[in-house]
Amino acid sequence: MASFPSPPLAAAAASAPPPRLAPGLSLAAAAAVRRSSLARRHSSVVLHPSALAAPANPLRCTHRRAVSPRLRRRTEALGAAAWSSAIGGGVGEERDGCLSCCRVGRRRGRPGLARFSPCALPHASGLSLHSGLSGAKVRHRHILHAAGPDEPHVASPTWSEPALDKPYEDQAIGREELEGFLNTPLPSHPKLVRGQLNNGLRYLILPNKVPANRFEAHMEVHVGSIDEEEDEQGIAHMIEHVAFLGSKKREKLLGTGARSNAYTDFHHTVFHIHSPTKTKEYGEDLLPSVLDALNEIAFHPKFSSSRVEKERRAILSELQMMNTIEYRVDCQLLQHLHSENKLSERFPIGLEEQIHKWDPDKIRRFHERWYYPANATLYLVGEIDDIPRAIREIEAVFEHTLPESEAAPMSTASPFGAMASLFAPKLPGGLAASLTGERSPAVDKIKPVKRERQAIRPPVEHKWSLPGVSQDAKPPAIFQHELIQSFSINMFCKIPVSQVQTYKDLRSVLMKRIFLSALHFRINTRYKSSNPPFTSVELDHSDSGREGCTVTTLTVTAEPQNWRSAIKVAVHEVRRLKEFGVTMGEMTRYMDALIKDSEQLAMMIDSVPSVDNLDFIMESDALGHTVMDQLQGHESLLAVAETVTLEEVNTVGAEVLEFISDYGKPNAPLPAAIVACVPKKVHIDGVGETYFEIHPEGITDSIKAGLEEHIYPEPELEVPKELITQSQLEDLKLQCKPSFASLSEEENVVKIFDNETGITQRRLSNGISINYKITQNEARVGVMRLIVGGGRATEDSESKGSVIVGVRTLSEGGCVGNFSREQVELFCVNNLINCSLESNEEFIFMEFRFALRDNGMRAAFQLLHMVLEHNVWLEDAFDRATQLYLSYYRSIPKSLERSTAHKLMLAMLNHDERFVEPSPHSLQKLTLQSVKDAVMNQFVGDNMEVSIVGDFTEEEVESCVLDYLGTVFIKDTDERACAYIAGPAPNRWGFATEGNDLFNVIRNSSGDDQVSESANSDLTGRKHIDVRNHSLFFGITLSLLAEIINSRLFTTVRDSMGLTYDVSFELNLFDKLDLGWYVIAVTSTPGKVHKAVDACKGVLRGLHSNRIVERELDREISCIKELTMLYESATIEDLYLAYEHLKVDESSLFACIGIAGAESGEEITDDELDTGLHGMGPVGGRGLSTMTRPTT
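In every chain, residue numbers begin from 1 and rise along the written sequence. Local features are withheld for residues below a pLDDT of 70 in this predicted model, meaning they are given only at 70 or higher, and side-chain atom pairs are given and counted only at 80 or more; totals for whole chains, interfaces and linings count all residues. Side-chain measures here rest on the full set of heavy atoms in the structure, leaving out hydrogens and waters.

Participant: Can you break down the packing of aromatic side chains residue by residue, with the values?
Facilitator: Paired rings are identified among Phe, Tyr and Trp, the last through its six-membered ring, by centres lying within 6.5 Å, and are further divided according to the angle between planes into stacked (under 30 degrees), edge-to-face (over 60) and tilted (the rest). Taken as a whole and assessed by the stated rule, the structure comprises 6 aromatic pairs. Taken together, a centroid distance of 6.5 Å and an interplanar angle of 45° make the contact between F266 and F347 tilted. Linking F266 in the loop between β5 (259-264) and β6 (269-276) with F347 in the loop between α9 (325-337) and α10 (352-355), this pair joins segments that are 81 residues apart in sequence. Just as F266 is buried, F347 falls in that class too. Aromatic pair F299 and F398: ring centres 6.3 Å apart, planes at 85°, arrangement edge-to-face. Residue F299 is found in helix α7 (residues 287-299), and its partner F398 is found in helix α12 (residues 387-398); the two are separated by 99 residues along the sequence. Across the pair, F398 and F299 agree in class, each one buried. One aromatic cluster in this structure is built from F366, W370 and Y371. The cationic tip of R250 hangs over the ring face of F244; the distance from NZ or CZ to the ring centre is 4.4 Å. In this scheme, the term charge over a ring applies when either NZ of a lysine or CZ of an arginine sits within 6 Å of the ring centre and within 35 degrees of the ring normal. A cation over an aromatic ring shows up here: R576 above the ring of Y712, its NZ or CZ 5.2 Å from the ring centre. Every helix listed is a DSSP run of H or I at least four residues long, and every strand listed is a run of E at least two residues long, numbered separately from the N terminus. For every residue, the accessible area obtained with a 1.4 Å probe (protein chains only) is divided by the maximum for its type, and the residue is called buried under 20%, exposed over 50%, and partly exposed between those limits.

Okay, here's the thing in structure tokens:
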């Protein structure tokens, strides 16, 4: 239960991300690959020529109960947060554990650009530009209002004088009419209810139907690590632990289906419960119990000595766990970014030496100062139909908790305004403390603690990066560490938060988004024909409620040897965009994409999960933004979009980039910090490991050199409206004659619809299997996935890594047919398509997420057709993919977790490289042709399956399937062979080919003692049938036998011997004819087919020598029931029965131990790492890894 100062934004600096996790075709808009920078900010524009995926957060809370906490999903957007896509969470029991560790994990992006959709994007305003300009009145529904810029948890909107002196100019219809419209307040969320109790507790209630019959209850206390004094660093986090885990009322919710957790940040502490609306057994309302638990946790905790000691040990363990390179890099960035205030040193986890010292009284006094109703806000979001009743429940539980009279009043006005508290810091109690700045323990014990409440959250003073503000420039800072693998540099700019409360504010956000979106495509277009010197370039401009500022960050990552060129390219492109601006085509394109995505979000208004709505409201309130729903947001965006001009877009956007483009000029905004994170040693081919030298002057010189290079305007790029024209499609249909074929050879069935699942199955004449399901879970949205069997399992000893590198090569190129990567990406932007291409050990798969407006589904199918039929393989893309995996492999020894897991996998799988990253030796053997063949040879008709789910009609999806998948020409493999092995069998009722009744044979051979009653019951009352006397005996036993033989064929012939990819055993049993037969079908290559046939015969004849065991029979008896019924019917005994099949004995287990610290081993070379362990060996540089093998 700790809090990190930030997500692992510098993970790329610490180690290259696992390429296997990267979405291959990063074909979505500028927001398709996003990252949260420093804080949980909103709206970043990410520029990835390599489309690197963010690494998974390695930090996980190891709370006592060892259950992974629910990841908190934070909305992300520029200015105001965007609504996240509706991804429902599972319903389960409570999970204890500290959310703070991983709550800011990365999210997968929505398609298109509208993650930006300023949340400020909201429902029934009915306002358009024309009505606004014509003087129509905007009706605002009355809502109880409590939160606003004057509330203690709202970031300061204060700007310095230089910023206020800039006039705002508008060139549009009538200036006065336009200004009147733009200054109109944005509409408030029509369903959001706000209120405040007499004791000062604020509450917000929002009815929401997803997920059904559940609600979120979050208690936000406006105190965090920033409020701690010098001797209290980490005490807010300690209180979070003690209060949450010490609550008896929270424990009573166990078993109700409720989940709860807590986290601490700079500016607040949050306790939250995700609960069903009623108990399952008796249908009792759970809201009172949930509120009662939150009341006890937040305001009435028990600080017993035993609980404090228990949590002290947990926090110290958590502190040790967090000390990863990613955490260290994050701390470095925050320390330099906020060097002028307490944010640089008040990390929520605290200081170890202080955590050891606090006694319960010390902790209790901090709680008494800050944890009271007037300094807290309660959020309720979920299926709450009776709001008046919910308010009465809130009043009943909280009304008598610490009346307002006992709370500290808000600070009164001063000549310095809202920032007065920043210039007049609080003095601790006692005369001695007043003079020395130290607290007197004696005074603490006898004097009542005054309750405190900050007017501005967080209560810190920033040095703004504004034009004309006089301050000394900071030299670039360098953080060098042996565990960092890549070079990264961050240039930061800090300005006050611009609250989004009027149409003018929203308009500014929109213009910034359009401007910054262009940079992603500029970078790709500029360096599409050669390997870029950088790994990624990201520009993030976002608000942070936790830090109380808006931060713009330029992040450049590169291989260490390319760092100078990478900096030059990044700043050169920034300056070019700032000087020449976006083109009219770019503005039109990104504006249209934003509006389309905003419309898509508005259509999903009733499917947004409660937790996403709640997180969005909480962050918007912290920033002082107006909260709107998705429909209001879309209507507001449409209204301001009509007023935007190209000149204003370029003017507003240029101001964001001045701290980079005008670096070094007089009166230019100074960067808040420039921080480079670099390795201590780098690998040089032919030389080995050498020390990496870098100096602040070199960084400054590279920035200036990039800014001095010649620049020229961006040419307009032609964006295709379609990838396959209608005439081309007609020619394809005439040539291929697409149609649906029979699903099985035995029966002429071309379509199967499953009533239970709603899935329709089809098969195209070229062999591609089709599944689709019509659903309205997300309005007018579709998802399509192509699965190709094979994956890395098809790699042989001479082609290790060929599949994974080949898939990455195809994604790096991103071209199809005659269209460049940039044209394909912009085609996806225009059609709101998000595409990824990935591979694993078993499959290659492509996934498309698309909107169904404006022929979006046809566009997605066109793209899939082009990838299958007209893929382009580029040498430079192959080089980038190879370099990426080489870099990742060399970074393995620098991570204790990854090196430990790598050695474990090598030992467990007998050094089979298909299940780990390819080694440098294997990568050197690969060629562009070999990786292309490894991938494309798997794209065979009957080896491909396409599944589509979405809000479409049957006619729409089947038309697209026939037009674009039915016209795919499936190429046969170069070498192919097949064989069949057949033999006789009895019919379904036990009659053999000679007409013999086999039941008589059984009875004569069994004897009288084998004949039993037709049925009996066990102690549970379940009936057991005497199968041998049943007329279906042969039908049942032969079908089970077929499954067992199939399983053995697959295990032996395919997996163990590698003689085939496809082998099957099938039975043909008749009802009236006295015969039947079986057939083994095997496909292979000409060189292996004879061995495959012999192996199949061996399996078939080997059932006597290798007898069937009970586990095979149990495994092959399949029961197809509803999943819910299976879950509800499962008992503890059933779970133990499954457990018995797990191999947990000493001879089967592998064990691997990683040790970090003083006992670390010596560094090892690539060859030593490739060799792996033979019993035991060093991890390299940072730890020792030991391993045991099973003895046989």
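From this point, the narrative continues.
Participant: Account for the packing of helix α24 (residues 802-813) against helix α27 (residues 875-891), with residues named and values stated.
Facilitator: When two helices pack together, their arrangement is captured by the angle between the axes and the distance separating the axes. Interhelical geometry of α24 versus α27 gives an angle of 130° and a closest axis separation of 8 Å. Relative to α27, the element α24 is oriented oblique. Regarding α24 and α27, the two cross each other, and that crossing is right-handed. Side by side, α24 and α27 meet where I804, V805, R808, T809, E812 and G813 of the first sit next to A877, F878, R880, A881, T882, L884 and Y885 of the second. Residues are grouped as follows: Ala, Val, Leu, Ile, Met, Phe, Trp, Tyr, Cys and Pro are nonpolar; Asp, Glu, Lys and Arg are charged; all remaining types, including Gly, are polar. Residue composition of the contact of α24 with α27, grouped by class: 7 nonpolar, 3 polar and 3 charged. An axis is simply a line fitted to the C-alpha atoms; with a helix, the fit covers only the stretch in contact. Between two such axes, the angle follows the N-to-C directions and lies from 0 to 180 degrees. For classification, angles of less than 35 degrees are called roughly parallel, those exceeding 145 degrees roughly antiparallel, those between 65 and 115 degrees roughly perpendicular, and all remaining angles oblique. Crossings are classed by handedness, with left-handed meaning an anticlockwise turn of the near helix from the far one by less than a right angle and right-handed meaning a clockwise turn. Residues are treated as being in contact if the distance between any of their heavy atoms lies within 4.5 Å.

Participant: Summarise α24; cite the residues concerned and give the values.
Facilitator: Taking 1.5 Å of rise per residue, 12 residues should cover 16 Å, and α24 covers 16 Å from first to last C-alpha, within 8% of that figure. Of all 12 residues in α24, 12 are buried, a share of seventy percent or more. S802, V803, I804, V805, G806, V807, R808, T809, L810, S811, E812 and G813 are the residues of α24 that are buried. Its buried side turned inward, α24 meets α25 (821-830), β19 (834-839), β20 (843-851), α27, α29 (920-925) and α30 (928-936). Of the residues flanking the end of α24, it is G814, one or two places downstream, whose phi is positive at about 70°. Multiplying 1.5 Å by the residue count of a helix minus one yields the expected span of that helix.

Participant: Help me get a handle on the side chain of H865, residues and values and all.
Facilitator: Here H865 lies in helix α26 (residues 856-869). Residue class for H865 comes out buried when judged on its relative accessible area of 1%. Here Y964 takes part through its backbone oxygen, which lies 2.7 Å from a polar atom of the side chain of H865. Residues within four places of H865 in sequence aside, it is in contact with I724, L732, H870, Y964, T967 and V968. What qualifies as a polar contact is a pair of N or O atoms within 3.5 Å, subject to a donor-acceptor requirement within protein and to the restriction that residues adjacent in sequence count only when both atoms come from side chains.

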